[in-house]
Amino acid sequence: MQEFVTVNFETGAMDGHLKYGESNIGDLVGFFEDEAARKALPQNLVVYQVQSYCPEAEGTEGGLFFGVSKVLPGLVGDEYFMTKGHFHAEEDTAEFYWGITGQGLLLCMDEQGRTTCRQISPGVLLYIPRRSAHRLVNTGNSVLTVGACWPSNAGHNYDRIRRTGFSVRVKNINGAVSVVPTSD
Ligand code: PA5
Ligand code: NI
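Residues numbered from 1 in each chain as written. Chains lettered and ligands numbered in written order. Predicted model: local features only at pLDDT ≥ 70, side-chain atom pairs only at ≥ 80, totals over all residues. Heavy atoms only, no water.

**What to know about the overall build of the protein**
Along the backbone of the protein there are two helices and 15 strands. Along the three orthogonal principal directions, the C-alpha set of the protein runs to about 50 × 35 × 30 Å. Across the 184 residues in the protein, those meeting the buried criterion constitute 43%. For the protein, the share of sequence-separated contacts (at least 6 apart) that also reach a separation of at least 24 residues comes to 69%. (Helix = DSSP H or I, 4+ residues; strand = E, 2+ residues; numbered from the N terminus. Buried < 20%, exposed > 50% of the residue type's maximum accessible area, 1.4 Å probe, protein only. Contact = heavy atoms within 4.5 Å.)

**What to know about the site of ligand 1**
Neighbouring residues of ligand 1: 13 residues in total, closest Tyr 48, Ser 69, Gly 85, Tyr 97 and Tyr 158. Ser 69 places a side-chain nitrogen or oxygen 2.8 Å from an oxygen atom of ligand 1. Between ligand 1 and His 134, the relevant distance is 3.4 Å, taken from an oxygen atom to a side-chain nitrogen or oxygen of the residue. Out of a free accessible area of 380 Å², ligand 1 has 95% covered by protein chains. A molecule is said to occupy a pocket when more than half its atoms come within 2 Å of that pocket's grid points, and by this definition ligand 1 occupies the largest pocket. For the shell around ligand 1, the elements supplying multiple residues, two or more each, are strand 4 (46-53) and strand 8 (95-101). When grouped by side-chain class, the residues that make up the shell around ligand 1 number five nonpolar, six polar and two charged. (Near = heavy atom within 4 Å. Polar contact = N/O pair within 3.5 Å; in protein donor to acceptor, adjacent residues only side chain to side chain. Areas by Shrake-Rupley, 256 points an atom, 1.4 Å probe, with all protein chains shown as cover. 1 Å grid on protein atoms, 1.4 Å probe; cavity = no way out; pocket = protein on both sides within 12 Å on 5 of 7 lines; lining within 4 Å. Sits in = over half its atoms within 2 Å of the grid points. Nonpolar A, V, L, I, M, F, W, Y, C, P; charged D, E, K, R; others polar.)

**Regarding the layout of surface pockets**
Considering only enclosed or pocket space, the largest pocket measures out at about 510 Å³ in volume. Along the walls of the largest pocket sit 27 residues, with Val 50, Ser 69, His 86, His 156 and Tyr 158 positioned nearest its centre. The greatest single-element share of the lining of the largest pocket, amounting to five residues, is contributed by strand 3 (residues 19-24). A class-by-class count of the residues in the lining of the largest pocket yields eleven nonpolar, eleven polar and five charged. (Points joined across faces, edges and corners; volume = space filled by probe spheres on them.)

**Quick word on the coordination of the nickel ion (ligand 2)**
Six octahedral donors around a metal ideally make angles of 90 or 180 degrees; four tetrahedral donors ideally make 109.5 degrees. Protein ligation of the nickel ion (ligand 2) involves His 86 (NE2), His 88 (NE2), Glu 95 (OE) and His 134 (NE2), the donor distances falling in the range 2.1 to 2.3 Å. Taken in sequence order, the residues that donate to the nickel ion (ligand 2) follow the motif H-x1-H-x6-E-x38-H. Overall, the relative accessible area of 4% leaves His 88 in the buried class. (Donors = N, O, S within 2.8 Å, 3.2 Å for Na, K, Ca; no water.)

**A closer look at the nonpolar core**
Core analysis: the biggest nonpolar cluster contains 35 residues, and Tyr 97, Leu 106, Ile 120, Leu 136, Val 137 and Ile 161 have the highest contact counts within it. Per element, the largest residue contribution to this core is five residues, and it comes from strand 9 (residues 104-109). Residue contacts for Tyr 97: discarding those within four places in its chain leaves His 86, Leu 106, Ile 120, Val 124, Leu 125, Leu 126, Ile 128, His 134, Leu 136, Val 146, Gly 147 and Ala 148. Judged by nonpolar contacts, the second largest core, of six residues, contains Met 14, Phe 66, Val 68 and Ile 100. (Core = buried A, V, L, I, M, F, W, Y, C linked by side-chain atoms within 4.5 Å.)

**Notes on the side chain of Arg 169**
With respect to the element layout, Arg 169 can be found in strand 14 (residues 168-173). A polar contact of 3.1 Å, which involves the side chain of Arg 169, links it to the backbone oxygen of Phe 31. A polar contact is formed between the side chain of Arg 169 and the side chain of Glu 79, at a distance of 2.6 Å.

**Focus: the environment of Ser 178**
You can see Ser 178 is positioned in strand 15 (residues 176-181). It is 21 Å that separates the C-alpha atoms of Ser 178 and Leu 28, two residues lying 150 residues apart in sequence. In contact with Ser 178, other than residues within four places in its own chain, are Arg 169, Val 170, Lys 171 and Ile 173.

Structure, rendered in structure tokens:
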């Protein structure tokens, strides 16, 4: 097996022995606020894709993984396309995200449910502290491409986000990007 992968840092294109994941509208039941709007869209419409280089077995302590996520532009009702978002299964693990193409927001929510919202665009490097759920939102008209590096023992825990979501949602209201508290 080849000992390296290649990454184009202007486009986010990766090549080599990679893992590939894709989430479409049909996979995202329960993540968007407007379920009727989600159901009305083509279920095979791609919302985001992730390529990752995982040179260690998942769960190994002391290793690192590297990935590139691409969130397509679009709306479910008035809510921008976004990733599911997750806490790390191993809670005391952090992560770096950096913008490659497009425009968006990174939501980070602590265990008390307090969410911070930071802009991400090409060249911006954002640190996601441990014990903090994270979600990417594409607020632009082009693909939001974001690089990521995280510990190989971090894992992904989607349960809490599936149940309670983040404490804010990012919507297009009258043409403007609006961060609004999540309604119960
Ligand atoms: O490890 C990460 O945080 C990223 O690679 C995400 O997994 C990726 O952006 C997809 O998001 P999610 O795992 O929330 O579906
Ligand atoms: Ni993560």
